[in-house]
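Descriptive analysis of the structure
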Amino acid sequence: MKKPIFHGLLLSFLFLVTISLISCKDEEENPTGDPTNLTVEVTLPDEGPGVVVIHATADNATEYRLYVGSSTTAAATNTSGHFEYEFPLAGTFQIEVRAYGSSGRYIKDSRQIVLTDEDPITIGEGYTTPLQYDGYQLVWNDEFDGNVLNTQFWSYETGAGGWGNNELQYYRPENTSVDGGVLTIEARKESYSGSAYTSSRLVTRDKKTFTYGRVDIRALLPKGQGIWPALWTLGNNITTVSWPACGEIDIMEMIGGSNREKTVHGTLHWENNGHAQYGQSYTLSSGIFADEYHVFTIIWDETTIKWYVNDVKFNEVDITPGHMTEFHLKQFFIFNVAVGGIWPGNPDATTVFPQQLKVDYIRVFQKN
Ligand SMILES: [Ca+2]
């Protein structure tokens, strides 16, 4: 019995020495009881929304708290720093993890979590058009191959201010990406420089401008109340003659929400003793434009502009009248996703963010 007791005493002695060394060290480095060195590991579900695992560690932490979104009430509190939190819907979410010390003070780490819908629509789904047509030659195309936007073709237009329609988004280059043969413009619910949403707007102004031709744009549209994707043109002389005298060809516009996502609009805007416009819409017989890729086309020549979805014509305008000279001059392309504004109305609780406009290709053909 003696030996174990001796060992026990020795171990106790070593234990006390160790404890006192640790506490001395702690008192020297952290006399306040504040936590330090917070690290946060976030593990997303394999695909789609679901349970997000958050693991936090910090020195001197006595409690961890998880905050989700803008709530000032902790979603969960524990002493382990291990959280499993379920996000049932796709979207972009802010989380904040706080580590509290015995001082009652905390340090924090904030993260943005993006959970996308399960089963994303692939580039192979939906209508396609050929690379050549009889009587035409391909004069410009962007197939969005590679991993960066081709700035020989495209420029970013940035900023907020409503863009003439009380739109809510701030346009930034950060919301554009090129990957897998597809251009993606992403509208996010994200505060930036006074705006509650961000998105992107791309233009070919002064870089790729055309008068007449067949234009095919293959795209997958976003959806949701207040989401407003557009594939359109403006006259390259807009800086000198202004709008609407520069002319505007809306190849495709869609406003999301309220059973409107099965319909696209093709419209002309021009100057004729003030703003003149003429448009028609096309409605799918089943499904919505976010279900698969569609090809949005105009065939524009000296006498008419015609609009098509998947090679089905739905609008035609005679551009021979003398007050439509703008449609015999150079136009540049614009791709954007607006958020909110006069026409679609603003996003509401049903709108899921982020939303993406995806473009597989834009091709311009002109007559031989
Ligand atoms: Ca492509």
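Residues numbered from 1 in each chain as written. Predicted model: local features only at pLDDT ≥ 70, side-chain atom pairs only at ≥ 80, totals over all residues.

In terms of regular secondary structure, the protein chain is built from two helices and 25 strands. Relative to a compact globule of 368 residues, whose C-alpha radius of gyration would be 21 Å, the protein chain shows 29 Å and is clearly more extended. Burial statistics for the protein chain: of 368 residues in total, 36% are counted as buried. (Helix = DSSP H or I, 4+ residues; strand = E, 2+ residues; numbered from the N terminus. Rg over C-alpha atoms; globule rule 2.2 N^0.38 Å. Buried ≥ 20, exposed ≤ 12 C-beta atoms within 10 Å, placed from the backbone.)

All right, on to the sheet that holds strand S2 (residues 50–59) then. Reading across the sheet, the three strands line up as S1-S2-S5 and stay open at both edges, with antiparallel pairing between neighbours. The open sheet has two edge strands with one neighbour each: strand S1 (36–43) and strand S5 (82–87). On average, each strand axis in the sheet is tilted by 20 degrees relative to the strand beside it, whichever way the strands run. Pairing analysis gives six bridges linking S1 to S2, with the strands arranged antiparallel. Residue pairing in the sheet places Val 42 in a bridge with Ile 54 of S2. (Pairing = 2+ DSSP bridges. Axes fitted to C-alpha atoms, helices over the stretch in contact; angles between N-to-C directions.)

A common way to express how large an interface is: the accessible area buried when the components associate. In terms of domains, the protein chain is made up of domain 1 (32–115) and domain 2 (136–367). Here domain 1 and domain 2 have C-alpha centroids that lie 40 Å from each other. Every contact between the two is made by five residues of domain 1 and, on the other side, six residues of domain 2. Here the residues of the side of domain 1 that touches domain 2 are counted per class, giving three nonpolar, two polar and no charged. (Domains from an automatic or database assignment. Contact = placed C-beta atoms within 7 Å. Nonpolar A, V, L, I, M, F, W, Y, C, P; charged D, E, K, R; others polar.)

Before going further, it helps to spend a moment on the nonpolar core. In this structure, Ile 217, Ala 219, Leu 231, Ile 251, Phe 296, Ile 305 and Val 359 are the most contacted members of the largest nonpolar core, which totals 57 residues. Counting 13 residues, the second largest nonpolar core, distinct from the first, contains Ile 54, Ala 61, Val 97 and Tyr 100. (Core = buried A, V, L, I, M, F, W, Y, C linked by C-beta atoms within 7 Å.)

Turning next to unusual backbone geometry. Where the residue is not glycine, phi is negative for most of them; where a peptide bond is considered, it is trans in most cases. In this structure, Pro 244 follows Trp 243 across a cis peptide bond, with omega equal to 10 degrees. With respect to the element layout, Pro 244 can be found in the loop between helix H2 (238–241) and strand S18 (248–253). The backbone of Ser 258 shows a phi angle near 50 degrees, a positive value even though the residue is not glycine. Assignment of secondary structure puts Ser 258 in the loop between S18 and strand S19 (263–271). You will see that Asn 259, though not glycine, has its phi angle at about 65 degrees, which is positive. On the secondary structure map, Asn 259 appears in the loop between S18 and S19.

Our next topic: the sheet that holds strand S4 (residues 76–78). Here we have four strands laid out as an open sheet, ordered S4-S3-S6-S7, and antiparallel in their pairing. Whereas interior strands pair on both sides, the edge strands pair on one side only; in this sheet they are S4 and strand S7 (106–115). Across this sheet, the average inter-strand angle for adjacent strands is 15 degrees, counted without regard to direction.

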